[in-house]
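Tertiary structure, described
This is what each chain is made of:
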Amino acid sequence: MTFIKNIVGKFTGSESKNGWPGLIEAYKKWLPVTSQTPIITLKEGATPLIELLSISKSIGKGVKIYAKYDGLNPTGSFKDRGMTMAISKAKEDGCKAVICASTGNTSASAAAYARRGDMRAFVLIPDGYVAQGKLAQALVYGAEIIAIKGNFDKALELVQKMSKEFPLTLVNSVNPYRLQGQKTAAFEIIDELGNAPDWLCIPMGNAGNISAYWLGFKEYFEAKKSTKLPKLMGYQAKGSAPLVYNQIIDEPKTIATAIRIGNPVNKEKAYKAKAESNGTFDYVTDDEIISAYKRLGKEEGIFCEPASAASVAGLLKYSNNIPENSTIVCVLTGNGLKDPDCAIKNNDASFYTGINPDMKEISKILGL
Ligand code: F0G
C-alpha cells in the first residue's frame, strides 16, 4: 500500500517483517512521546482500508464506501492504538499496575500491553456481558479479572475511584494518551485516500473513539494534509443510545455488548465533535446491526463484531441522504472472532451435520 511506503520509507525495514514499526514510531512527531518514552508495541496500526464493493454498488450514485478494518490490530480491536500510547506513558511514569473497566476489548488490549510492559493488569467487567473471545484473551494475557454484578457504567465508576485511592494507572478512554494513540486511525485514512472522506461512520459507546478521530482529522487538516473535514456520523444501538436521547440510560440493552453503555464518559467531547463536523448522531436497532453484520460477511468477506457493524447499519439507514460521488469510511472497530456466539446464532449459512462421508449423499444435499 502506498501510504505504508510513504510512512515507512524512512525506516530500515528491520523493525518488523514488513517494515511497519508500530504507530508510535510511525507517527512520533504527532504524539506526546520523547526519546525517554519506552515504546511498548505489538506493531499495531496500518490496518487495511477495504472498499465495500457490494454495498457501494447497491447505493450507487458514484459513492465509494470503505471499511477501516481495525479488527486486524494485534488484539483484534482499535483499542490497541490507544493502549500502546497509554501503556508506554504509564511505563515512562514508573507505573507498576493498570486498571480499567471494560465491555471486553479494552480489557484484552490493556492486559496484552500491560503484561508486555511487565505491569499487572486489573480489569473490571460486567458479569455475563463480555463476549467469549474477549474474555479468553484477557485470561490468556494474564489479566486479573473481576466480574461485577453491574454494568459497564458501574465498573467505570469504580475504577475511576480506585485509581485515585491506589497507585494504579487508569487506562480507559478518560486517559488522554488513549485518544492520542487512537487519532492515528484518521491519519492513516488520509495518508491512504489522499484526503479526508466526506463522511466517517462510527459506532459509539463511551465515545472516546469518535473524539479521537476528530482530533486526528483536525490536526491533519490544520497541517494541510487534507483539504476538508469529514461529517461525523455516530451510531449507537437503540436500547443503549444515551448520546442520541441526551440522557443517561440506567439499563442499557443491545446484542452489541461492546457498546452496551448508558453513561458515556466522553459525552462532552463527542457533542463538540458532532457540532464542529456538522455531524449526526442516531441509533440503529439490533435487527439493523445484525443485518449489516451478515451483509459484511457474506457480500464483502469481512467478519466484524456486532458493535462494529453499527457503523454500516447507520450508513444504510442514511443511504438516501448520501451525496453523489462522495467517499465514505465506516469504522469496523473489532474482529468478528471476538464474539463467536453471535456469529453462530446469526447467519444465513447452510450447515448440514451428521452426514455420511459419501460423495453421492453429499452431492445430493448440495444439489449438484
Ligand atoms: N466498537 C467496539 C468493538 C468496542 O469495543 C467499543 C468500546 C466501541 C466500538 C465504542 O468505542 O467507547 O470509544 O465509543 N469498547 C469499550 C471496551 C467500552 O471496554 O472495550 P468508544
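Calculation criteria
- Residues numbered from 1 in each chain as written.
- Predicted model: local features only at pLDDT ≥ 70, side-chain atom pairs only at ≥ 80, totals over all residues.
- Heavy atoms only, no water.
- Salt bridge = Lys/Arg side-chain N within 4 Å of Asp/Glu carboxyl O.
- Helix = DSSP H or I, 4+ residues; strand = E, 2+ residues; numbered from the N terminus.
- Buried < 20%, exposed > 50% of the residue type's maximum accessible area, 1.4 Å probe, protein only.
- Pairing = 2+ DSSP bridges.
- Contact = heavy atoms within 4.5 Å.
- Axes fitted to C-alpha atoms, helices over the stretch in contact; angles between N-to-C directions.
- Core = buried A, V, L, I, M, F, W, Y, C linked by side-chain atoms within 4.5 Å.
- Near = heavy atom within 4 Å.
- Polar contact = N/O pair within 3.5 Å; in protein donor to acceptor, adjacent residues only side chain to side chain.
- Areas by Shrake-Rupley, 256 points an atom, 1.4 Å probe, with all protein chains shown as cover.
- 1 Å grid on protein atoms, 1.4 Å probe; cavity = no way out; pocket = protein on both sides within 12 Å on 5 of 7 lines; lining within 4 Å.
- Sits in = over half its atoms within 2 Å of the grid points.
- Nonpolar A, V, L, I, M, F, W, Y, C, P; charged D, E, K, R; others polar.
- Points joined across faces, edges and corners; volume = space filled by probe spheres on them.
- Phe/Tyr/Trp six-rings, centres within 6.5 Å; stacked < 30°, edge-to-face > 60°.
- Lys NZ or Arg CZ within 6 Å of the ring centre and 35° of its normal.
- Right-handed = clockwise from strand over helix to strand, strands pointing away.

**Notes on the pattern of salt bridges**
- Taken as a whole and assessed by the stated rule, the structure comprises 16 salt bridges.
- Among the salt bridges present, the one from glutamate 276 reaches lysine 272, with a minimum N-O distance of 3.1 Å. Of the two residues, glutamate 276 and lysine 272 are both situated in helix α12 (residues 267-277); the distance of four residues between them amounts to about one turn of the helix.
- Across the salt bridge formed by aspartate 348 and lysine 294, the nearest N and O atoms sit 3.0 Å from each other. Taken together, the residues aspartate 348 in the loop between α15 (340-345) and α16 (359-365) and lysine 294 in helix α13 (residues 286-300) connect sequence positions 54 residues apart.
- Residue classification places aspartate 348 among the partly exposed positions, given a relative accessible area of 47%.
- Overlapping salt bridges, with partners in common, bring together Lys68, Asp70, Arg81 and Glu188 in one network.

**As for the sheet that holds strand β3 (residues 97-101)**
- One open sheet accounts for four strands, arranged β5-β4-β3-β6; its pairing is parallel. Each having just a single partner strand, β5 (144-148) and β6 (169-170) make up the two edges of the open sheet.
- Pairing geometry for β3 and strand β4 (residues 120-126), over five bridges, is parallel. Residue pairing for β4: valine 98 is matched across the bridge by alanine 121.
- Along the sheet, helix α5 (residues 105-116) makes contact with β3 and β4, crossing β4 at roughly 175 degrees.

**Description of the nonpolar core**
- Ranked by internal contacts, the top residues of the largest apolar core, which has 36 residues, are Ile65, Leu315 and Ile328.
- Elements with a minimum of two residues in this core: α3 (53-59), β2 (64-69), β7 (199-203), β8 (231-237), α13, α14 (306-317), β10 (327-332) and α15.
- Here this core takes six residues from α14, the largest share from any one element.
- Sequence-distant contacts of leucine 315, defined by excluding residues within four places in its chain, comprise Ile59, Ile65, Trp199, Cys201, Tyr235, Ile322, Ile328 and Cys330.
- Core analysis: the next-biggest nonpolar cluster, separate from the first, contains 34 residues, Trp20, Ile24, Ala186 and Trp214 among them.

**Describing the site of the ligand**
- By nearness alone, 19 residues border the ligand, and Ser102, Thr103, Asn206, Ala207 and Thr333 come closest of all.
- Lysine 79 is positioned with one of its side-chain polar atoms (N or O) 2.9 Å from a nitrogen atom of the ligand.
- Threonine 106 has a polar backbone atom sitting 2.8 Å from an oxygen atom of the ligand.
- Within the complex, the protein chains bury 99% of what would otherwise be the 470 Å² of accessible surface of the ligand.
- With respect to the detected pockets, the ligand is housed in the largest cavity.
- Within the residue set of the shell around the ligand, elements represented by two or more residues are α5 and α10 (208-222).
- The residue inventory of the shell around the ligand, partitioned by class, reads seven nonpolar, ten polar and two charged.

**Quick look at empty space enclosed by the protein**
- Applying the stated criterion across every chain, the model contains one cavity of 30 Å³ or more.
- Its volume calculated, the largest cavity comes out at about 330 Å³.
- Considering the residues around the largest cavity, the lining is formed by 28 residues, among which Phe78, Lys79, Gly205, Asn206 and Ala258 are closest to the centre.
- Elements that contribute at least two residues to the lining of the largest cavity include exactly α5, α8 (176-182), α10 and α14.
- With three residues, the single largest contributor to the lining of the largest cavity is α10.
- Of the residues that constitute the lining of the largest cavity, the class distribution is eleven nonpolar, 14 polar and three charged.

**What to know about the packing of aromatic side chains**
- Scanning all chains against the criterion turns up nine aromatic pairs.
- Between tyrosine 245 and tyrosine 283 the ring centres are 6.1 Å apart and the planes differ by 35 degrees, which places this aromatic pair in the tilted class. With a gap of 38 residues between them, tyrosine 245 in helix α11 (residues 242-245) and tyrosine 283 in strand β9 (residues 280-284) connect regions that are remote in the sequence.
- The exposure class of tyrosine 245 is partly exposed, given its relative accessible area of 39%.
- When its relative accessible area of 22% is taken as the criterion, tyrosine 283 is described as partly exposed.
- Here a set of aromatic residues connected by ring pairs shows up, and it is made of Tyr27, Trp30, Phe187 and Tyr220.
- For the cation-ring pair, arginine 260 lies above tyrosine 129, with the distance from its terminal atom to the ring centre recorded as 3.7 Å.
- Over the face of the ring belonging to tyrosine 283 we find lysine 317, whose NZ or CZ atom lies 4.3 Å from the ring centre.

**Thoughts on the pairing of β3**
- Counting buried positions over the five residues of β3 gives five, a clear majority of the element.
- By the alternation rule, side chains of β3 split into Ala97, Ile99 and Ala101 and Val98 and Cys100, which are all buried.
- Viewed along the sheet, the connection from β3 through α5 into β4 turns out right-handed.
- Where β3 and β6 come together, two bridges link them in parallel fashion. Paired with isoleucine 99 across the two strands is leucine 170, which belongs to β6.

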